[in-house]
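Per-entry structural report
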Amino acid sequence: MVLKDDVQALEEELGEGGFRKERRNRRPKEEKEPAKAKKKKSKRIPNIATEAVEMKTDKETPEAKREAARTSHGPSPFILALQAARTITSRNPRQDQPEELTKLEEQLKKLEEGQVRKIVFRIQKEVLEEETKIQALFTVCRHARMIGVAYNTSTLMRAIREGDLLFQDLQDAGLAELKKDEKTKNVYTFYHAGSEKLRAGAEFLRQHGKVAAADIIAEHLRRSDRERAKAVAMRSGSAKTGQS
């Protein structure tokens, strides 16, 4: 016999009609979304077109700073004059190379007398070493009123070529000398083409069998002495004429 209490218990368990109550399915726990990866901050690349970047160094020497300051404004008038002189290749540049001559004269006017003399001897060296034409030296010497240097250099160049002189011959005769720049420590050649140096050099060359070269120099010096004597006589005659 089924007890009343048992029937009530079954109904509560199975529900009305005898069906077991279905348990509601628990909602599955939502899976946690994977954590978003942190974006790496990209390094900013400076725009060199619009931003100035200064690089400083403690290793800069005073010489480097001076060189940078010198070149920041372009070549100096000395360099420009030297470059312009090298372009002269005509015996009459005023007629054949007027533009080149104008450029040279403009740069020479910017230089002091001492700098112009340096240009003369720099070009003289290049002429004797066959790097620059003799016409360039004559043009610079006319501007510097040192035309005698040009004629003496032309004679020395002829003596070297026709007299088969070696550099050692020039050194021994006192016509060339190796010097050392105190600032740059570079060794360079300095040529002596003054009248007295040429005279002593010709005598030395004659004594050491370089007769052809000695004769070329001696002939030039005799002609120079003759022209100098004429010039003195003309000045003296003009003075006497003025007094009378």
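Residues numbered from 1 in each chain as written. Predicted model: local features only at pLDDT ≥ 70, side-chain atom pairs only at ≥ 80, totals over all residues. Heavy atoms only, no water.

Per the secondary structure count, the protein includes eleven helices and two strands. In the protein, buried positions account for 27% of the 244 residues. Within the protein, contacts between residues separated by at least 24 positions form 50% of all contacts whose residues are at least 6 apart in sequence. Counting only carbon and sulfur atoms, one obtains 51% of the accessible surface of the protein, whose full area is about 19,700 Å². (Helix = DSSP H or I, 4+ residues; strand = E, 2+ residues; numbered from the N terminus. Buried < 20%, exposed > 50% of the residue type's maximum accessible area, 1.4 Å probe, protein only. Contact = heavy atoms within 4.5 Å. Areas by Shrake-Rupley, 256 points an atom, 1.4 Å probe, with all protein chains shown as cover.)

Counting residues in hydrophobic clusters, the biggest one holds 42 residues, and the most contacted among them are Ile119, Ile123, Leu137, Leu170, Leu175, Leu205 and Ile217. What isoleucine 123 contacts, discounting residues up to four positions off in sequence, is Leu82, Ala85, Arg86, Thr132, Ala136 and Leu137. (Core = buried A, V, L, I, M, F, W, Y, C linked by side-chain atoms within 4.5 Å.)

Let us look at the packing of aromatic side chains. Applying the stated criterion to the full structure yields two aromatic pairs. Taking the centre distance of 5.8 Å and the plane angle of 45 degrees together, the rings of phenylalanine 121 and phenylalanine 190 count as tilted. Here the residue phenylalanine 121 occupies a position in helix α6 (residues 113-128), and phenylalanine 190 occupies one in strand β2 (residues 187-191), the gap between them amounting to 69 residues. With relative accessibility at 26%, the residue phenylalanine 121 sits in the partly exposed group. Ring plane angle 85 degrees and centroid distance 5.0 Å describe the contact between phenylalanine 138 and tyrosine 151, whose orientation is recorded as edge-to-face. Here tyrosine 151 lies in helix α8 (residues 147-162) and phenylalanine 138 lies in helix α7 (residues 134-144), a separation of 13 residues in the sequence. By relative accessible area, which is 46% here, tyrosine 151 ends up partly exposed. (Phe/Tyr/Trp six-rings, centres within 6.5 Å; stacked < 30°, edge-to-face > 60°.)

Of the residues in the protein, 67% reach a pLDDT of 70 or more, and the chain-wide mean stands at 81. Low pLDDT, under 50, characterises residues 48-59; the predicted model gives this stretch two contacts beyond four residues in sequence or across chains. (pLDDT = per-residue confidence, 0-100.)

So, about the pairing of strand β1 (residues 176-180). Every regular strand shows the same layout, with side chains that alternate between the two sheet faces. Where β1 and β2 come together, five bridges link them in antiparallel fashion. What sits directly across from lysine 179, in β2, is tyrosine 188. Joining the antiparallel neighbours β1 and β2 is a turn of six residues, in which lysine 185 adopts a positive phi near 65 degrees. (Pairing = 2+ DSSP bridges.)

We now examine the pattern of salt bridges. Evaluation of the coordinates by the stated rule reveals twelve salt bridges. In this structure, glutamate 126 and arginine 86 form a salt bridge, with 2.7 Å as the shortest nitrogen-oxygen distance. Pair noted here: glutamate 126 is in helix α6 and arginine 86 is in helix α3 (residues 77-86), with a separation of 40 residues, a long-range link. Take glutamate 126: its relative accessible area is 6%, and that puts it in the buried class. Residues arginine 206 and aspartate 215 are paired through a salt bridge, measuring 2.9 Å at the closest nitrogen-oxygen approach. (Salt bridge = Lys/Arg side-chain N within 4 Å of Asp/Glu carboxyl O.)

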